[in-house]
Amino acid sequence: MRYLPLTEADRRAMLDVIGAKSVDDLFRDVPPSARLAGPLPLPSHQGEMEVERAFTRMAGKNLSAGCAPFFIGAGVYRHHVPAAVDQLLLRGEFLTAYTPYQPEVSQGTLQMLFEFQSQVATITGMDVANASMYDGATACAEAAIMACRITKRNRVIVSGGVHPHYAETLETSLRFTEMEADVLPPDPLGMEDMIGRVDSKTACVVVQNPGFFGTVRDLRPLAALCHEAGALLVVMVAEPTSLGLIESPGAMGADIVVCEGQSLGMGLNFGGPGLGLFATRDKYVRQMPGRLVGQTADVDGRRGWVLTLSTREQHIRREKATSNICTNSGLCALAFSIHLTMLGGTGFGRLAELNHLAATRLEQKLRAVKGLRVLPQSYYNEFAVHLGDDADAAAVVDALADKGILAGVPASRFYPTWPELKPVLILAATETNTEDDMDRLVAGLQEVL
Amino acid sequence: MAEINTISGNRALQIEEKLIFELGNPGSVAVDLPEPAPFDLERLGDAPRRGRVALPDLSEPQVVRHYTRLSQKNYGIDTGFYPLGSCTMKHNPRLSEKVARLPGLADLHPLQPQKTVQGALEVIDTLAHWLKALTGMPAVAMSPAAGAHGEWCGLMAIRSAHEDKGEGHRKRVLVPESAHGTNPASAAMCGYTVDPIPALENGRVDLAALKAKLGPDVACLMLTNPNTCGLFETEIVEIAAAVHGAGAYFYCDGANFNAIVGRVKIADLGIDAMHINLHKTFATPHGGGGPGAGPTVLSAALAAFVPVPYVVHGASGLELVEGKRDGAKPFGRVKGFHGQFGVFVRALAYIQSMGSDGLRQASSDAVLNANYLLASLKDELSASFDGPCMHEALFDDRFLKDTGVTTLDFAKAMIDEGYHPMTMYFPLVVHGALLMEPTETESKDTLDQFIAVVKGLAAKAKAGGVEDFKAAPRLTPRRRLDETLAARSPVLRWKTAAE
C-alpha cells in the first residue's frame, strides 16, 4: 500500500500518545450494528504494474478517435491540443492545489483565473465572466435561472436548436421550481420562429449558436425583440472556436453567454469533465452564479488577486444563495486558458478559419454521395445531413463503425421518437481531419447507403 | 530581516509576472497552424466576425515561462502539508494521471457507437460496482459533477419519490446549523424550504429537537456524517428511524466518507441517499478548484429514480441507457453526456491500487492521524470537543483569548512557517474554528514537525508576540490582500488603459 506512510511502529506510538488501545477504539462512536469487522468481499490492493495493465486492457476495448477517420461533434469537438498544455497542467503546484482560499499562497491560480475571466469575456464580447462552472449543460441551466431572478419572470423559451442534453438538463433543473421551460421541437433547418413566442411572461430565450444541427445565425433581431419585451437573451455556444469567425454573442446583443469550453485544451475524455463558461453584463454581476476572482492590492500596495463577491454564494447566503455551486472547474479552466494563450488573437482566428474550411471541403466531397443533402443554409464546422428518405442514420453509423470510421452522430440518438429525423446525421469536421479521412468517409457512405 | 528592494520588484526566485495581456507581441504565435487557403464566407451565414479577437499573441517559450512562474506562486499538496479541514488534501497518485491519459480512454467521444466504447463503459460500471459495494446501497447515480451537484441529485430523487407516492406536499427539509452551506442552497434549488436544527453541546445533532421538527410536511433530513465538527453522529440509527417513522427520507452529505470507508456500511445506518466526493475519498487532484465528481448512492426506495444516463448489462455487452426504460423513473438529466469520466478513471485506478483492504487501512490511518493531532495539541490549543474525532480535529480560538491574535492571524503565521493553513472559521458552531485534517498520506514525521510548529506559534501568541502575527505572512509573493477593496470596486477582468 504505497500511498500510506505509517508503519506498524508509528501506529503503536501514536496510539500510545492518544491513549487508545487500538484503532478500533477510535471508531467507538459508530453504532456496533454498523461496524464492519474486516474488509468487504472486494478485490484487495494491487501493484502499479497490475493496475496499469488492467486499464490498458480496458483502453484496448475502445476504438479511439485518433485511430479512425473521425467526424463526431454534437457538443464535444476534437481539436489538436498543443503539447505544452498538458505539460504545464501537470505541474504539481497547479494540479494539487485546492480552491484559492489563502490568496497569499495561491496567486498563481488566482492570476490564471483572472486571465481566464478576461479571455472568456473577450471572446464572448461580454463585460464579465466567472471562473468557470461544471459544464455547458449546467451553465446553461444556471443562466436560465439567473434570467428568471433578474426579470422576476418564470418562463424560459428554449430553442429547438439547443443541444438536447442542455435542454434536458435545463428542464430537470426547473422541474421542481416555480420556473417553467418551453422547449421547442428539434430544428434541423434553423427555421423556427422564436420571436413569435416572446411575451410579457418570458424571462429569457435560450438559443444556441451555431445550433445543434449546425445553423449559424445573426441573433440581433432576436436580441432586439427580447429586450423590447423585457426578456433576456441567453446565448449558448457549444463550440467556442467558432467565436474566432462568427460575431460574438455580446456584439449581437446577448445578456448572458454560456459555453461548453471543452474544445480548447481538454481533449475528448468521453465527454467529461467539461468546462462551463459563463459571461454577462456588468449590471448583472451580482446575480451571476459561481466563483469570481477580482483584482486588489496587498498591504504593500502591490497588485494581487483574491476570490471576491462571495456574498452571492452558498456559504454566506445559504438557502438564498444565487446557486448551490461550490466549486469551479479550475484545472479545466487552466487547460482552456493555456490553449487560448498559445493561440492568441491571431491563432484563434486562424483555427476558426481552418475549421470552417474543413467543413466546407467536407460538404463539397459529400456531393458525390447520391441522395445526401446538407440541411443548414449556414454553418461553422458542423452540419446535419439528410441521407435520403429511406435511410437510417443509426444503421449507417453502425455499419461505418465496423469499417473503422466514426461517422458523426445519428439525430435519432437524441430524438428516438421523431421518425422524420431517422435519416439525419450530424457531421463535424475540424482542423484535425485530413483529406484522406474525408475521402474514406465519402467512400464508406457510398458503400453502405 | 532587513528589507531589500530590487529594481525589478523580483526577489530571486520570486519573479513578478505580468498578465498575459501585458506580454507578447502582435504576430507572435505559439501554435503552428497552416495559413488557410483562400475561401469565401458564403456558408458562414450573415454574422461573420469583424476584425480580430483582442487576445495577446505570445510564443511558446513565453507561454511556458508564464505558467511555470504562476505555478511557483501556488501551494499544492505536492509542495507540502495541507491540513485543510473538510477539504481532504491527500497525496495524488501519478498512476491515476498516467492511465487517464491512455489514448484508448482519453481520446474517446461520448457519442461514439456503444460497441466502440465497451472499455469506457466498463470503467463506469466497475466504479459503480465499488461504490455500491462499499456503501451497501443498491443503486448509484454516476453523473453528478461535484459534491453539491450530487446533493441536489439526491434531493431530486427524494422529491421524485414523494411525488410518485402522492406526497408532493412534503416540502420542508431539516438541515443542521452546522451543515455545509451547499446543503440549504441545494434544497432551495429543489423547491424546498429549509428548517434548521440545532446542535448539542457535544457537537452532535439534538435528537429531541429533530423529533420535534418532524411532521407530515417534512421531505427529508440532510445530515453530514461524520459531521463538520469531525465527529460521528452517535445516534444516527435512532435519527434514521425517527426520520423514516415520519415518512421522510434520510439524505447524508457524504463529503466525509473517507473517514469511514471499509469500516462502516452506509446502508446499515439507514441512509437513503448520499453523495460521494470521488476527489476527496478516492483521490483526484483538486486542480485549484476542480473538476470533481459527486456520484450519489441511493437506497432501494429511491433506486428507480436514478437520472439518465446509466450503464446496464445488456445482451450484447454494456449498454448506456439515455432515455426511458421499463421500470425506471429517471427524474431527468443533471449534466451533459455521461458524467466526469476523466475523474472516474483516476478514482478507479486509486481504488484498484488500494483494494478493499487498503481502503479500510486508509480510513483507519486518516482517523489515527487526526486523533494524534488532537491528542498532541489539545494542551496548547483549545479542543472544541473531547475525542475521539474522526478524520479531522477541531480547535477553537479560546487559547488565543487576550493575546490580540485572531484565528486569521494564526493561519497567516503558519504560511511563513511553510504550511498551508487549516480551515478557519468553519464550522460556524464554534467561535474562531480551526479545523485540521491531516489525511492518511501524511507520515508521523510530518505530523511531529507540524505539531512542533503549531505549539511554537501558540507559545509565541501567548507570550505577547502579537505584532509578528499581524504582519504575517511576510515571506510570500503578496501579503494580506485587501478583500474589501476587491468587493467594493470590483475589477474582474483586464482592460486596456483606453477602456
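What counts as what
- Residues numbered from 1 in each chain as written.
- Chains lettered and ligands numbered in written order.
- Predicted model: local features only at pLDDT ≥ 70, side-chain atom pairs only at ≥ 80, totals over all residues.
- Heavy atoms only, no water.
- Helix = DSSP H or I, 4+ residues; strand = E, 2+ residues; numbered from the N terminus.
- Rg over C-alpha atoms; globule rule 2.2 N^0.38 Å.
- Buried < 20%, exposed > 50% of the residue type's maximum accessible area, 1.4 Å probe, protein only.
- Contact = heavy atoms within 4.5 Å.
- Areas by Shrake-Rupley, 256 points an atom, 1.4 Å probe, with all protein chains shown as cover.
- UniProt positions renumbered as here; feature names shortened; annotations may be inferred.
- Pairing = 2+ DSSP bridges.
- Polar contact = N/O pair within 3.5 Å; in protein donor to acceptor, adjacent residues only side chain to side chain.
- Right-handed = clockwise from strand over helix to strand, strands pointing away.
- Buried area = accessible area lost by both parts, 1.4 Å probe.
- Salt bridge = Lys/Arg side-chain N within 4 Å of Asp/Glu carboxyl O.
- Domains from an automatic or database assignment.
- Nonpolar A, V, L, I, M, F, W, Y, C, P; charged D, E, K, R; others polar.
- Axes fitted to C-alpha atoms, helices over the stretch in contact; angles between N-to-C directions.
- Core = buried A, V, L, I, M, F, W, Y, C linked by side-chain atoms within 4.5 Å.
- Parallel < 35°, antiparallel > 145°, perpendicular 65-115°, else oblique.
- Left-handed = near helix turned anticlockwise from the far one by under 90°.
- Expected span 1.5 Å × (residues − 1).
- Phe/Tyr/Trp six-rings, centres within 6.5 Å; stacked < 30°, edge-to-face > 60°.

Peer 1: How do you make sense of the overall build of chain B when you look at a structure like this?
Peer 2: When its secondary structure is counted, chain B shows 14 helices and 13 strands. For 499 residues, the compact-globule estimate of 2.2 N^0.38 gives 23 Å, and the C-alpha radius of gyration of chain B, at 26 Å, lies within 12% of that figure. In terms of its C-alpha atoms, chain B occupies a principal-axis envelope of roughly 75 × 70 × 45 Å. Taking all 499 residues of chain B together, 66% fall into the buried category. Sequence-distant contacts in chain B: of pairs separated by 6 or more residues, those separated by 24 or more amount to 70%. Split by element, the accessible area of chain B, about 16,700 Å² in all, is 52% carbon and sulfur.

Peer 1: Looking at this model, I keep getting lost on the UniProt feature "domain: Glycine dehydrogenase C-terminal" (unreviewed entry) in chain B. Mind explaining?
Peer 2: When the UniProt feature table is mapped onto this chain, "domain: Glycine dehydrogenase C-terminal" (unreviewed entry) is found at residues 362-458 of chain B. Annotation note: span residues 362-458 of chain B, helix share 42%, strand share 11%, distance between end C-alpha atoms 30 Å.

Peer 1: Is there a simple way to explain the UniProt feature "domain: Aminotransferase class V" (unreviewed entry) in chain B in this structure?
Peer 2: What UniProt calls "domain: Aminotransferase class V" (unreviewed entry) maps, in this numbering, to residues 173-287 of chain B. Here residues 173-287 of chain B is 25% helix and 21% strand, with 33 Å between the C-alpha atoms at its ends.

Peer 1: Please explain the pairing of strand β11 (residues 393-396) of chain B as it appears in this structure.
Peer 2: Look at any regular strand and the pattern is simple: side chains alternate between the two faces of the sheet. All names here are of chain B. Burial of β11 is two-sided: the residues A393 and F395 facing one way and the residues L394 and D396 facing the other way are all buried. Across two bridges, the pairing between strand β10 (residues 382-383) and β11 is antiparallel. Looking at the pairing, S382 lines up with D396 of β11.

Peer 1: It is not clear to me how the environment of H109(B) should be interpreted in this structure. Could you clarify?
Peer 2: Within the fold, H109(B) resides in the loop between α3 (103-106) and α4 (118-135). Spatially, the C-alpha atoms of H109(B) and L269(B) are 39 Å apart, while their sequence positions differ by 160 residues. A distance of 2.9 Å separates a polar atom in the side chain of H109(B) from the backbone oxygen of G73(A).

Peer 1: Honestly, the pairing of strand β2 (residues 172-176) of chain B in this entry has me stumped. Any pointers?
Peer 2: Residue and element names in this part refer to chain B. When you tally the buried positions in β2, you get five out of five residues, the bulk of the element. Burial along β2 is two-sided: the face carrying R172, L174 and P176 and the face carrying V173 and V175 are both buried. Direction of pairing for β2 relative to strand β3 (residues 193-197): parallel, over a ladder of five bridges. Directly across from P176, in β3, lies its bridge partner I197. Chirality of the crossover, the property in question, places the unit of β2, helix α6 (residues 182-189) and β3 among those that are right-handed.

Peer 1: Whenever I open this one, the interface of chain B and chain A confuses me. Can you help?
Peer 2: Listed per partner, the contact involves 205 residues of chain B and 195 residues of chain A. The junction of chain B with chain A conceals about 17,100 Å² of combined surface from both sides, 62% of it contributed by carbon and sulfur atoms. Scanning the region where chain B abuts chain A turns up 19 salt bridges. Salt-bridge contacts for D86(A) lead to R101(B); the nearest nitrogen and oxygen are separated by 2.6 Å.

Peer 1: Even after reading the chapter, I still don't get the domain arrangement of chain B, so can you show me in this structure?
Peer 2: Interfaces are often sized by the amount of accessible area the parts lose when they come together. On domain assignment, one finds that chain B holds domain 1 (9-29 + 55-71) and domain 2 (94-351). Of note, the centres of domain 1 of chain B and domain 2 of chain B, computed from C-alpha atoms alone, are 42 Å apart.

Peer 1: It is not clear to me how the domain arrangement of chain A should be interpreted in this structure. Could you clarify?
Peer 2: Residue and element names in this part refer to chain A. Each assigned domain of chain A is listed with its residue range as follows: domain 1 (69-80 + 345-448) and domain 2 (83-339). Here the C-alpha centre of domain 2 lies 27 Å away from the C-alpha centre of domain 1. Here domain 1 meets domain 2 over a buried area of about 2,500 Å², counting both sides, of which 72% is carbon and sulfur. Three residues, F348, Y380 and Y415, lead the burial of domain 1 against domain 2; their summed loss comes to 24% of the area buried on that side. The tally of links from domain 1 across to domain 2 stands at zero salt bridges. Summed over the shared surface of domain 1 and domain 2, the number is eight residue pairs in polar contact (both at pLDDT 80 or more). At the level of elements, α11 (330-366), β11 (382-386) and β13 (424-428) are the ones that each hand at least two residues to the side of domain 1 that touches domain 2. No other element matches α11, which puts seven residues into the side of domain 1 that touches domain 2. In terms of residue class, the side of domain 1 that touches domain 2 is built from 20 nonpolar, eight polar and three charged.

Peer 1: What exactly am I supposed to notice about the sheet that holds strand β2 (residues 155-158) of chain A here?
Peer 2: Remark on secondary structure: sheet strands pair via backbone hydrogen bonds, oriented parallel or antiparallel. Residue and element names in this part refer to chain A. Pairing is mixed in the open sheet, where seven strands are placed in the order β1-β7-β6-β5-β4-β2-β3. The outermost strands of the open sheet, each flanked by one partner alone, are β1 (128-129) and β3 (180-183). For strand β5 (residues 232-237) and strand β6 (residues 256-260), the ladder comprises four bridges, and the chain directions are parallel. Paired with V235 across the bridge in β6 is V257. Sitting on the sheet, helix α8 (residues 164-174) touches β2, β3, β4 (202-208), β5 and β6, and the angle it makes with β3 is about 155°.

Peer 1: What is the right way to look at the nonpolar core in this model?
Peer 2: Here is a general trend for soluble globular proteins: nonpolar side chains tend to be buried in one another's company. By size, the foremost hydrophobic cluster in this structure holds 124 residues, and its most contacted members are L278(B), F282(B) and F410(B). For this core, the element with the highest residue contribution is helix α10 (residues 341-377) of chain B, accounting for 20 residues. Setting aside its immediate chain neighbours within four residues, F282(B) contacts K90(B), L131(B), L134(B), F257(B), I276(B), N277(B), A347(B), Y350(B), I351(B) and L359(B). In this structure, L95(A), V207(A), L233(A) and V293(A) belong to the second largest nonpolar core, which totals 68 residues.

Peer 1: Teacher, can you tell me more about the pattern of salt bridges here?
Peer 2: Any two side chains of opposite charge can pair if their charged atoms end up close together. All names here are of chain B. Evaluated as defined, the whole model comprises 55 salt bridges over all chains. The salt bridge involving D78 is made with R94; its shortest N-O contact spans 2.2 Å. Separated by 16 residues along the polypeptide, D78 in the loop between α1 (60-71) and α2 (94-100) and R94 in helix α2 bring together distant segments of the chain. Given a relative accessible area of 37%, D78 falls into the partly exposed group.

Peer 1: Teacher, can you tell me more about the sheet that holds strand β12 (residues 423-424) of chain B here?
Peer 2: Strand order in the open sheet formed by four strands is β10-β11-β13-β12 (chain B), with antiparallel pairing between adjacent strands. Two strands close off the open sheet at either side, each with one partner strand: β10 and β12 of chain B.

Peer 1: Looking at this structure, how should I read the packing of α10(B) against helix α12 (residues 444-462) of chain B?
Peer 2: All names here are of chain B. In the contact formed by α10 and α12, the axes pass within 11 Å of each other and the chain directions differ by 30°. What the angle tells us is that α10 and α12 run roughly parallel. The two elements α10 and α12 meet at a crossing, and its hand is right-handed. The segment α10 lies against α12, with N369, Y372, L373, S376 and L377 engaging K444, L447, D448, F450, I451, V454 and K455. Of the residues in the contact of α10 with α12, the class split is seven nonpolar, two polar and three charged.

Peer 1: Before we go on, may I ask you to explain the environment of P376(A) in this structure?
Peer 2: Along the chain, the position of P376(A) falls in the loop between β10 (373-374) and β11. Taking the C-alpha atoms as reference points, P376(A) and F213(A), 163 residues apart in sequence, are found 7.2 Å from one another. Apart from the residues within four sequence positions on either side, P376(A) is in contact with P188(A), F213(A), G214(A), T215(A), F383(A), A384(A) and R43(B).

Peer 1: Can you help me understand α1(B) in this one?
Peer 2: Helical geometry note: an α-helix holds 3.6 residues per turn, so side chains three or four residues apart project in the same direction. Given a rise of 1.5 Å per residue, 12 residues ought to cover 16 Å, and the 17 Å separating the end C-alpha atoms of α1(B) matches this to within 8%. Buried residues of α1(B): V63(B), H66(B), Y67(B), T68(B), L70(B) and S71(B), and no others. On its buried face, α1(B) sits against α4 (83-89), α5 (92-95), α6 (107-124) and α11 of chain A.

Peer 1: Explain helix α5 (residues 147-164) of chain B to me, please; I cannot follow it from the model alone.
Peer 2: Between the first and last C-alpha of α5(B) there are 26 Å, a value that for 18 residues agrees with the 26 Å anticipated at 1.5 Å per step. Backbone geometry just after α5(B) places G166(B) at a positive phi near 75°.

Peer 1: Could you clarify how one ought to interpret the packing of aromatic side chains in this entry?
Peer 2: Aromatic rings in a pair are described by how distant their centres are and how their planes are angled relative to each other. Tallied over the entire structure, the rule returns 18 aromatic pairs over all chains. Between Y3(A) and Y350(B), the ring centres sit 6.0 Å apart and the planes meet at 10°, which makes this aromatic pair stacked. In this pair, Y3(A) is assigned in the segment before α1 (8-18) and Y350(B) in helix α10, connecting two distinct chains. When its relative accessible area of 11% is taken as the criterion, Y3(A) is described as buried. According to the relative accessible area criterion, Y350(B) is buried, its value standing at 2%.

Peer 1: Honestly, the side chain of D107(B) in this entry has me stumped. Any pointers?
Peer 2: Position of D107(B) among the secondary structure elements: in the loop between α3 and α4. D107(B) sits in the buried class, given a relative accessible area of 17%. A polar side-chain atom of D107(B) sits 2.9 Å from a polar atom in the side chain of R78(A). Beyond its immediate chain neighbours, meaning those up to four positions away, D107(B) contacts S64(A), A65(A), G66(A), R78(A), L268(A), L102(B) and Q112(B).

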